[in-house]
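Close look at the chain arrangement
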Amino acid sequence: MLLRIALRNLLRQRRRTLILLITVVFSLALLLVFTGLADGGHQAMADIGVRMGLGHVVVYPAGYRADPTLEHTIDDPAAIESAIAKLRPAVAHVAPRLRTDGLVQAGATSIGVTISGGDPALEPLVSHISSPSVLVQGGTLASCANRDAGELPPALIGQELAKSLGVHVGDRIALNVKPRHSKEMRLGAFEVCGVFATGVRDVDTFWVEIPLVEAQRLTDAGQGVTMVALLLANADAAGSVATQLAASLHRTDVEVLPWQQAAPELYSAIAVDEGGMYVFMVIIFVVVAVGILNALLMSVLERTREFGVLLALGAEPRQVIKLVLYEAIALGILSVGIGLALGLAGNHYLATHGLDYKELFGDSLQAGGILLPDKFYSALATGKVIWSAGVVFGLVVLGAAYPAFHASRFQPTKAMNHV
Amino acid sequence: MSDSLVVEASQLTKTYKQGKLEVQALRGVDLSVAPGEFVVLAGPSGSGKTTLLNLIGALDQPTSGRLVVDGKNLETMNRAELARLRRDRVGFIFQAYNLLPVLTARENTELVLMLRGSSVAERHAKAAQMLSAVGLGTMMDRRPNELSGGQQQRVAVARAIAAAPSLVLADEPTANLDSKTADALLDLMSDLNAKHRITFLFSSHDQRVIARAKRVVYLEDGRIVSDGQEMRRGA
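Residues numbered from 1 in each chain as written. Chains lettered and ligands numbered in written order. Predicted model: local features only at pLDDT ≥ 70, side-chain atom pairs only at ≥ 80, totals over all residues. Heavy atoms only, no water.

**Topic: the interface of chain A and chain B**
Just so we agree on the cut-off: Contact criterion: two residues are considered in contact whenever any of their non-hydrogen atoms come within 4.5 Å of each other. Summed over both partners, the accessible area lost on bringing two parts together, with a 1.4 Å probe, is the buried area. Side-chain atoms alone can form a polar contact between residues adjacent in sequence; in general such a contact is a pair of N or O atoms within 3.5 Å, and within protein one must be able to donate a hydrogen while the other accepts it. Think of it this way: any DSSP run of H or I at least four residues long counts as a helix, any run of E at least two long counts as a strand, and we number them from the N terminus. In this count, Pro and Cys sit with the nonpolar residues alongside Ala, Val, Leu, Ile, Met, Phe, Trp and Tyr, while Asp, Glu, Lys and Arg are called charged and the others, Gly among them, polar.
Facing 26 residues of chain A, the contacting portion of chain B comprises 27 residues. Carbon and sulfur atoms supply 61% of the area buried between chain A and chain B, which totals about 2,400 Å² over both sides. Looking only at chain A, the three residues that lose the most surface to chain B are Met1(A), Arg8(A) and Leu313(A), adding up to 29% of its buried area. Where chain A packs against chain B, one counts 10 residue pairs in polar contact (both at pLDDT 80 or more). Mapped by element, the contributors of at least two residues to the side of chain A that touches chain B are helix H1 (2–12), helix H12 (304–312), helix H13 (317–352) and helix H17 (412–416) of chain A. Across the side of chain A that touches chain B, the residue classes break down as 13 nonpolar, six polar and seven charged.

**What to know about the pattern of salt bridges**
Once their charged atoms are close, side chains differing in charge can pair, the charge on each being opposite to the other. Residues and elements named next belong to chain B. Operational definition: We count a salt bridge whenever a side-chain nitrogen from Lys or Arg sits within 4 Å of a carboxyl oxygen from Asp or Glu. A 1.4 Å probe rolled over the protein chains alone gives each residue an accessible area, and that area as a share of the maximum for its type sets the label: buried under 20%, exposed over 50%, partly exposed in between.
Throughout the structure, instances matching the rule amount to 30 salt bridges over all chains. Among the salt bridges present, the one from aspartate 70 reaches arginine 89, with a minimum N-O distance of 2.9 Å. With aspartate 70 in the loop between strand E4 (64–69) and strand E5 (72–73) and arginine 89 in helix H2 (residues 79–89), this residue pair connects regions lying 19 residues apart in the sequence. According to the relative accessible area criterion, aspartate 70 is partly exposed, its value standing at 23%. Here lysine 195 makes a salt bridge to aspartate 191, at a shortest N to O gap of 3.3 Å. One end of the pair is lysine 195 and the other is aspartate 191, both in helix H6 (residues 179–196) and four residues apart, which spans about a single turn.

**Remarks on empty space enclosed by the protein**
All names here are of chain B. Rules: Only protein atoms enter the 1 Å grid used here. Points where a 1.4 Å probe fits but cannot escape make up a cavity, open sets with protein on both sides within 12 Å along at least five of seven lines make up a pocket, and a residue lines them when an atom lies within 4 Å of a point. Grid points are joined across faces, edges and corners, and a volume is the space filled by probe spheres set on the points.
Throughout the structure, instances matching the rule amount to five cavities of 30 Å³ or more. As a volume, the largest cavity reaches approximately 60 Å³. Along its surface, the largest cavity is lined by 13 residues, and Val90, Gly91, Val112, Arg159 and Ala160 are the ones closest to its centre. Across the lining of the largest cavity, the residue classes tally to seven nonpolar, one polar and five charged.

**Topic: the sheet that holds strand E2 (residues 21–33) of chain B**
Residue and element names in this part refer to chain B. How we decide: One bridge is not enough; two strands pair if DSSP finds at least two bridges between them. Only C-alpha atoms enter the line fits that serve as axes; for helices the fit covers just the stretch in contact. Angles between N-to-C directions range over 0 to 180 degrees.
Spatially, four strands are ordered E2-E1-E4-E5 in an open sheet, and the strand pairing comes out antiparallel. Both outer strands of the open sheet, E2 and E5, are each paired with one neighbouring strand and no more. Bridge analysis of strand E1 (residues 7–18) against E2 gives 10 bridges, and the strand direction is antiparallel. Directly across from valine 7, in E2, lies its bridge partner valine 33. Packed on one face of the sheet, helix H1 (residues 49–56) meets E1, E2 and E4 and runs near 65° to E2.

**Observations concerning the environment of Ala83(B)**
Residue and element names in this part refer to chain B. Along the polypeptide, alanine 83 turns up in helix H2. The exposure class assigned to alanine 83 is buried, which follows from its relative accessible area of 1%. A C-alpha to C-alpha distance of 7.9 Å links alanine 83 and alanine 58, two positions 25 residues apart in sequence.

**Re the state of the cysteines**
All names here are of chain A. Threshold: Whenever a pair of cysteine sulfur atoms sits within 2.5 Å, that pair is classed as a disulfide.
In the structure shown here, the tally under the stated rule is one disulfide over all chains. A sulfur-sulfur distance of 1.9 Å marks the disulfide that ties cysteine 144 to cysteine 193. Taking the sign of the S-S torsion, about 75° here, the bridge from cysteine 144 to cysteine 193 comes out right-handed. One end of the pair, cysteine 144, is in helix H5 (residues 141–145); the other, cysteine 193, is in strand E7 (residues 186–196), with 49 residues separating them in the sequence. For cysteine 144, a relative accessible area of 12% translates into the label buried. Cysteine 193 gets classed as buried once you look at its relative accessible area, which sits at 3%.

**As for the confidence of the model for chain B**
Residues and elements named next belong to chain B. Quick note on the threshold: The quantity called pLDDT is the predictor's confidence in a given residue, expressed from 0 to 100.
A residue-level look at chain B finds 96% of positions with pLDDT of 70 or above and a mean pLDDT of 88. In this model residues 230–235 is a low-confidence stretch, pLDDT under 50, and it forms two contacts with partners more than four residues away in sequence or in other chains. Note on the complex model: pTM 0.74, ipTM 0.89.

**Observations concerning the sheet that holds strand E3 (residues 38–42) of chain B**
Sheet strands pair by backbone hydrogen bonding; their relative direction is either parallel or antiparallel. All names here are of chain B. Taken in spatial order, the six strands of this open sheet run E6-E7-E8-E3-E9-E10, and their pairing is mixed. Looking at strand neighbours, the two that pair on one side only are strand E6 (90–93) and strand E10 (223–227), the edges of this open sheet. Within this sheet the neighbouring strands show an average axis-to-axis angle of 20°, counted without direction. The sheet contacts of helix H5 (residues 149–162) involve E6 and strand E7 (167–171), and relative to E6 the element is tilted by about 175°.

**Some points on H1(A)**
Buried residues of H1(A): Leu2(A), Ile5(A), Ala6(A), Arg8(A), Asn9(A) and Leu10(A), and no others. Among the structural elements, helix H2 (14–50), H12 and H13 of chain A together with helix H3 (105–116) of chain B are those in contact with the buried residues of H1(A).

**A closer look at the environment of Phe200(B)**
All names here are of chain B. Summarising the element assignment, phenylalanine 200 is placed in strand E8 (residues 199–203). Of the residues examined, phenylalanine 200 reaches a relative accessible area of 0% and is grouped as buried. Those residues in contact with phenylalanine 200, other than ones at most four positions away along the chain, are Glu37, Phe38, Val39, Ile93, Val168, Met189, Leu192 and Asn193.

**Digging into unusual backbone geometry**
Residues and elements named next belong to chain A. With omega at 10°, the peptide bond leading from arginine 88 into proline 89 counts as cis. Secondary-structure assignment places proline 89 in the loop between helix H3 (77–85) and strand E2 (91–106). Despite not being glycine, histidine 181 shows a phi value in the positive range, around 55°. Within the secondary structure, histidine 181 sits in the loop between strand E6 (172–177) and E7. Of note, the phi angle at histidine 250 is positive, near 50°, even though the residue is not glycine. Locating histidine 250 in the fold gives a position in the loop between helix H9 (238–249) and strand E10 (254–258).

**Points about H6(B)**
Residue and element names in this part refer to chain B. Threshold: Multiply 1.5 Å by the residue count of a helix minus one, and that product is the helix's expected span. Each C-beta atom gives one direction from the helix axis, and the arc is the one those directions make.
If you check H6, its first and last C-alpha atoms are 25 Å apart, about what 18 residues at 1.5 Å a residue would give, namely 26 Å. Among the residues of H6, Ala182, Leu185, Leu186, Leu188, Met189, Leu192 and Asn193 are the ones counted as buried. Viewed end-on, H6 has its buried residues packed into an arc of 155°, placing them on one side of the element. Exposed positions of H6 whose direction lies more than 90 degrees from the buried face are Lys180, Ala194 and Lys195. Two or three places before lysine 180, at the opening of H6, aspartate 178 has a side-chain oxygen 3.1 Å from that residue's backbone nitrogen. Positioned one or two residues after H6, arginine 197 has a phi angle of 50°, which is positive.

**Some words on the packing of aromatic side chains**
All names here are of chain B. Test applied: Here a pair means two rings of Phe, Tyr or Trp (six-membered ring of Trp) with centres within 6.5 Å. Their orientation is stacked below 30 degrees between planes, edge-to-face above 60, and tilted elsewhere.
Scanning all chains against the criterion turns up nine aromatic pairs over all chains. Here phenylalanine 92 and phenylalanine 94 contribute two aromatic rings whose centre-to-centre distance is 5.7 Å and whose plane-to-plane angle is 0°, an arrangement assigned as stacked. Ring pairing ties together the aromatic residues Phe38, Phe200 and Phe202, which thus form one cluster.

**Digging into the pairing of E10(B)**
Regular strands place side chains that alternate from one sheet face to the opposite one. Residue and element names in this part refer to chain B. Across four bridges, the pairing between strand E9 (residues 215–220) and E10 is antiparallel. Looking at the pairing, glutamate 220 lines up with arginine 223 of E10. A loop of two residues connects E9 with E10, the two strands running antiparallel in sequence, and aspartate 221 in this loop sits at a positive phi of about 50°.

See the structure below:
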């Protein structure tokens, strides 16, 4: 019967109930849509970062990160790869790489670049840099690999680098590197096989991709690599796969890192953005809590006389508290239900159609030095839906706590004489 | 004082603060009410009738004095215990009816039984019985705004007696009613008093009510100036 009284009280104050309902519904719906978009954006950022010459998990030779030279290499990558093979299907693709700094020369122009040697067949599966999707001229390393003897080995270069060097597909470039254990620089000639435009400024301006064997030959690295990159079936498993692999390798001459540790600047950029999202959440939560508190307190004060009657007739304070809380719970169930439906519908639309950022704001969005895709797709985890709905519902009930307590403390005779 | 008394008040005082002023609403009231009595507290406005009823109904606390209702010393009871005393032992009829507007006549009548935790079936049966007893058996599903003032006060009577209290307190119950309706209500309460030996304690300055009372207690300036029972004893 207390529940019946609570429901009828909500219906009696239709306008106030409707305003409260709309506040909670739109707060939750907005929260879900923005969380979905933010998480989708973060996933896109992480995905782009991971696919830009990195990997979900990376195995480095010990000491390489502090001193990224050829003095630190993994000379038995096959042993690493066989340990990785045991982690399939969690690990989708593996790409060994030899990376070093050097100079690229064309004519009189010379520019310092990162030279990355990768397997022409495997590298595009892990990294976008050498994949056909970012090529703006020419072909991939794989398409240029089967060349006649005497022809120059192939190289992919960034669009901005090509402009700076004034070269095109088919032109010759020279790579100048310091081989392992050598103090002398060595020059190798390559032919521009393709030009890529990834959208990441540093990559497009200072990056050269060549076949792994050519990099090993040029640097006298033998079978050595400077990293083995792993692409996982599930990006969220990076931490656990890294731990498993490290335990399985049990070696001190290598370190296994998830992308969050291998690219801390990217991880920080995402964390900062997530922090902003949490601030937005807190604002939404405060709006809901204050709205509920204000509306229910007004509602209780307007019904002071009725609470006085209830108390006079023998209602215990806990029964009065229950009555007000029932109103909040009923309101919470209804508003959170509608808010969930609306928020999930909005998310579904944005997950399938995406939000065209460039169309909306006229420019592409950059974060952590990475040019993000023009279309954002919402990605909302079930846990976040439950958490958001739970917190909003909890706040609705919590917002009713003070008005409920206040009503339970009315002095019956004073309350009944309240005008 | 006897254990069988429904109300035993001795030297009750009540002082209110109105701004910087202190108003002495009761100045040492002694009153005993036995089971089955039909007592009217009479007196002019401001004489302390409502204050005395509020204290006896455990709606307010005395400044000093001793008050026992249905064998319970109110002084020693906390907020929840006082609420339970009101719920289980006392029925209230208010001048302004004070029905809950969102509930029907039947639901208003069930209210005290609900607060007590009675089953739905028991509540329904009791409410139907009480509303029939006050002549509203056909209007059980009407809300207060669909009932006349007299009908609302009848619902209030049904609500007051539904939980079979030891004592029914009525504060100016006929003040808002026309004479015909007031007479009918008094007939109803006299009948309930006679048939069910329910103790009624009224406050009123309505001569019709005073004329129907078996005992009239007059108050003036917070003191009892005459008590019909004492007069009868003295006679």
